[in-house]
Amino acid sequence: MTCPSCGRENPDDSRFCSACGAPLEAGPALGVRKTVTVVFCDLVGSTALGERTDPEVLRELMGRYHAELRAILERHGGTVEKFVGDAAMAVFGIPQVHEDDALRAVRASIQMRDAVAGLGLEVRIGVNTGEVVAGAGETLVTGDAVNVAARLEQAADSGEILIGAATERLVRDRVLSDATRSLTLKGKGEPVPAFRVRALMDDVPAFTRPIAAPFVGRAEELERLEAALATAVAERTPQLATIVGPPGIGKSRLARELIGRARARVLVGRCLSYGEGITYWPLQEIVAQIGDVGAVLADSPDRELATERIAAAIGDVDTPSTPEEIAWGVRRLFEAVAADEPLVVVFDDIHWAEPTFLDLIEYVAAFAQGVPLLVLCTARADLFDLRPTWAAPQANGTVLTLEPLSEADSEELVSDLGEVPAEAVDRIVETAEGNPLFVEQLVAMRAEGGGGDLEVPPTLQALLAARIDRLAGPERAVIERGSVEGRLFHRGAVAALLPRSEQGDLGALLLALVRKELIRPDRAVLPGDDGFRFGHALIRDAAYEAIPKRERAALHERFADWLVSRLADDASDEIVGYHLEQAYRYGVELGVGDAILGERAAGRLATAASAARARQDTAAAANLLGRAVEIVPVGPVRPALLAVLGEALSDAGELTRGRAVLDESVSLARELGDEHTEWLGRIWLADVVAQQEPEGGPDLMLSVGEAAIASREGAADHEVLAWAWYLVATAHNLRGQMGEYARGLERALPHARQAGDLTLEVGLVRSKAPYFIWGPGPVDEGLRYAEEVMEGPLRHLPGMPEFMLHLLAHMRGRLGEFEGAFEAMSGYRDRLRELGRGTEYAMTAGCVWDVCLWAGDWRRGEAVLRESFEFHERTGNKVLLATVAIQLGEAVFRQGRLEEADRLCRISEEIGTTGDQDTEGACMMLRAKVLSARGDSVNAQAMARRAIDVAAGTDLLELGAGAWLTLAEIQRAAGDPAAEAAAHEALTRYERKGNLVGAMRAQDLLEEMTGSPPAS
């Protein structure tokens, strides 16, 4: 296949040229994506005008009309795309985006309206901002923003300018406007907000507006500026100080702080980004502040000559003067002003300055004599591209490069700007990355949005997009390709994504981008490569958003292929899968989706999900599998992906969604004859159904598990058999048959090993813990089991040490050893929460309660149980909710809240299942205690005996011990001598378990009744 870019021949199955890296597949020419502002202007009453006006006169009038519109639009930086009859369309942002395109468009619109009025005409204008696509090197743009601008113009009245919501947000600080009713525009499904422009606000000179943002940080920088001013005053020699940094970093705020503290006269001049005759605009503003220049120069022997040259610079006289002569006149003016008091002359945004004006600043700072003068400039790093020598060390020069604020300073700034919740403060600080303007804008945007999700203000988007768009073509190509990899990128990746012919200058281009503070060197992740990081995440986003989607698709695929070729088996499946996924999704969006590419992406994501599952990161596994399922086509792979996704979702607590996914998996597997996947899906589905529908849950689990074993045993389907035995074991656990539960786990374990499923093997090993905690397993055996696992081959696997410490806390709690127990519980549970294992995290609240029960810490127990109760109530897990309700009821009962305990009992009874013997018995015990506390000893004893009967049908030793102890306490309170026998029964069971705390409680009760310790 011949490359359309370089002509090299490539194999027919190649997708990219091996020589230059260009896509080999034919497709439409790539354009550019930009956020621009579109203006539509139409003459009102043109038909009537034509009827009453002589054709020749009309032609002359329309010629002046078109010329006036074009001149105004182009003066403000707009590109006239077309004139159609008496209508005009212009775009601000083509060929280059400016951060103030929206304001330029509105200014131009107001001037057009006023100018044509002088011709005896009226227009109506629509202005809208949004994303468009333009062909490379073309001005023709397409996108919804164009359509909305046209519709706004059509909806406007004569002499009216209507602007869209996005435009209004960008210009609201400089334009007065009124919201009109939302407009129902042709072709738009929803009403479109519109705003009527009234006027431009007064253009307040820089550094004279009220200070909105507090001064935070920058103490060292302020000291250096104050030192420069002090030197100028003490030595009466001019000083030049330049504050450099990216937009929003706080240059003007620092300058204003100095001005506010300085005992000096201050003059300010701004350098403008566009306009006619702007070379000496800063001087014009300064002269306006001084007033009568001649009067200031009255004592100077060069008064007339200096006055004349300054007047020539600002256009007051037509006398020709050279730049050198004008600079001399300005120097004499500043010397005269500073003769009586210290003078600070501020030149703002000198990166916009014409070279002639930069020469003037340097001349004044170097040659002014005998006066206390500080020339203070603010600039972006772009200045050093225009004037590299500006950064050179000078005897009277200071260059301050502002770094981002510290996290602490950013937090202080947020708190000073308004009431912001702690979690929102963290998000704002993280997003702003130390840029004070970003902090201010994000705080304001959050307040405007009612405190919802954090959005990037359009003003910041425009600012950053303009910085990217101002780059030269090769620099832009480099930064865009870096953005494809991400916030951190590598030189090698950029080289691989550039055409071969453009790779030679890569080092110089990267250095230029570092100088402009768009990127910075960083530690490389890939060995033998150079790493770079975008100066701000939003800069990366702006660079990426500028790439057309067709090109993004090609670049993502090429990056994935390069990463695999670079790292081979060490390439991250998650990263490679992400880039293939992006390439596939963009292709689908553009109508050229590649099914093979989708399968490759899904395969990588699924492999990454397996790794996440192995490290027990359920949230990551569910996310990766969900994305894989979205892009994998219907076919043999889909049912298995759905099944594993359903299991992960259920594990994360998303039971309803997990159940739906598992249903789909089972049906699809059955259709395709995939028995292995069908049985896996049915096993996991039975578990979910049992959690949501407790009544009959254990029966369902046993039925499905035993059927799966019978069906797949002959096929030696070890994965299915391991999960089936685990399901059978879980059913026995719910019935309180802990011996059968342990045997089921033992049957599952060898199948998990033969299936090579280490994750399941770890799960089975951990699942034996309930046998020792609540079942017949003695405490000393539980201690040995935990210690053996911690010394065995699984000890280093993720989460295993934390889990075994958690089991030891259970066992030692029964021995009355509570030191470190709650810390061990928290360590294990915190890991579950971090890994997104929501159901398991909530379930382990019962583990904390278990230790609290023996420690007598009812308040701690209540706190964790209440959180668990709310989680299960939200996710619909009725089995666990019924259990937690009883545990929470016990906690509040111990604190004397009988009514609440009774209510929780009723909740458990309503949603629980008769098959869940442990919960049923615990509920009866709590009910008996509540009845006894209310003085109903007869019914309380009857309820306690029912609990004893339930426990007798299980091998839950502590359930039986607790039921007998409850009966003993009720009988003792009623003066019933049978209490002693009941307490002995409780003691026997606690001793068999090895539960010293439980045995001590039974012994204490016996001692209170008999006056002496019980006989052994």
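Above this text is the structure in question.
What you see is a predicted model; the values in this text were computed from it and never measured.

## Points about the overall build of the chain
(1) Moving on: Looking only at helices and strands, the chain features 46 helices and 16 strands.
(2) Moving on: Rg of the C-alpha trace for the chain: 39 Å, well past the compact-globule value of 31 Å for 1016 residues, more than 25% over.
(3) Moving on: Seen along its three principal axes, the alpha-carbon backbone of the chain occupies a region of about 120 × 70 × 65 Å.
(4) Moving on: Counting only contacts in the chain whose residues sit at least 6 apart along the sequence, the fraction spanning at least 24 positions is 67%.
(5) Moving on: Carbon and sulfur atoms provide 50% of the accessible area of the chain, an area that totals close to 43600 Å².
(6) Moving on: Counting 105 positive and 157 negative side-chain charges, the chain places the centres of these two groups 1 Å from one another.

## Focus on the nonpolar core
(1) Moving on: Judged by nonpolar contacts, the single largest core of 122 residues is most densely connected at Ile683, Val765, Met804, Leu807 and Leu865.
(2) Moving on: The element contributing the most residues to this core is helix α30 (residues 718-734), with 11 residues.
(3) Moving on: Ranked by size, the runner-up nonpolar core spans 45 residues in total, among them Val244, Trp328, Ile361 and Leu383.

## Description of the pattern of salt bridges
(1) Moving on: Taken as a whole and assessed by the stated rule, the structure comprises 70 salt bridges.
(2) Moving on: Of the charged contacts, one joins glutamate 99 and arginine 380 as a salt bridge, the two residues approaching to 2.8 Å between their closest N and O atoms. Residue glutamate 99 is located in the loop between β3 (87-92) and α3 (101-117), and its partner arginine 380 is located in the loop between β12 (373-379) and α13 (383-386); the two are separated by 281 residues in the primary sequence.
(3) Moving on: A relative accessible area of 25% means that glutamate 99 is categorised as partly exposed.
(4) Moving on: With its nearest N and O atoms 3.9 Å apart, the salt bridge here joins arginine 600 to glutamate 557. Of this pair, arginine 600 sits in helix α24 (residues 595-614) while glutamate 557 is found in helix α22 (residues 549-567), placing the two residues 43 residues apart along the sequence.
(5) Moving on: The class of arginine 600 is partly exposed, set by a relative accessible area of 35%.
(6) Moving on: Taken together, the shared-partner salt bridges connect Glu899, Asp902, Arg906, Glu909, Arg927 and Arg934 into one network.

## Comments concerning helix α45 (residues 979-993)
(1) Moving on: With 15 residues, α45 extends 21 Å from end C-alpha to end C-alpha; this agrees with the ideal 21 Å at 1.5 Å per step.
(2) Moving on: Inspection of α45 places Ala979, Ala982, Ala983, Ala986, Leu987, Tyr990 and Lys993 among the buried residues, and these make up the whole buried set. On an axial view of α45, the arc spanned by its buried residues comes to 140°, and they lie on one face.
(3) Moving on: Summarising the contacts, the buried residues of α45 are in contact with α33 (769-773), α34 (779-791), α38 (845-855), α44 (957-973) and α46 (996-1010).
(4) Moving on: Just downstream of α45 lies glycine 994, where phi reads positive at about 85°.

Reading the values: the criteria
- Residues numbered from 1 in each chain as written.
- Predicted model: local features only at pLDDT ≥ 70, side-chain atom pairs only at ≥ 80, totals over all residues.
- Heavy atoms only, no water.
- Helix = DSSP H or I, 4+ residues; strand = E, 2+ residues; numbered from the N terminus.
- Rg over C-alpha atoms; globule rule 2.2 N^0.38 Å.
- Contact = heavy atoms within 4.5 Å.
- Areas by Shrake-Rupley, 256 points an atom, 1.4 Å probe, with all protein chains shown as cover.
- Lys, Arg positive; Asp, Glu negative; His and termini not counted.
- Charge placed at Lys NZ, Arg CZ, Asp CG, Glu CD.
- Core = buried A, V, L, I, M, F, W, Y, C linked by side-chain atoms within 4.5 Å.
- Buried < 20%, exposed > 50% of the residue type's maximum accessible area, 1.4 Å probe, protein only.
- Salt bridge = Lys/Arg side-chain N within 4 Å of Asp/Glu carboxyl O.
- Expected span 1.5 Å × (residues − 1).
- Arc of directions from axis to C-beta.

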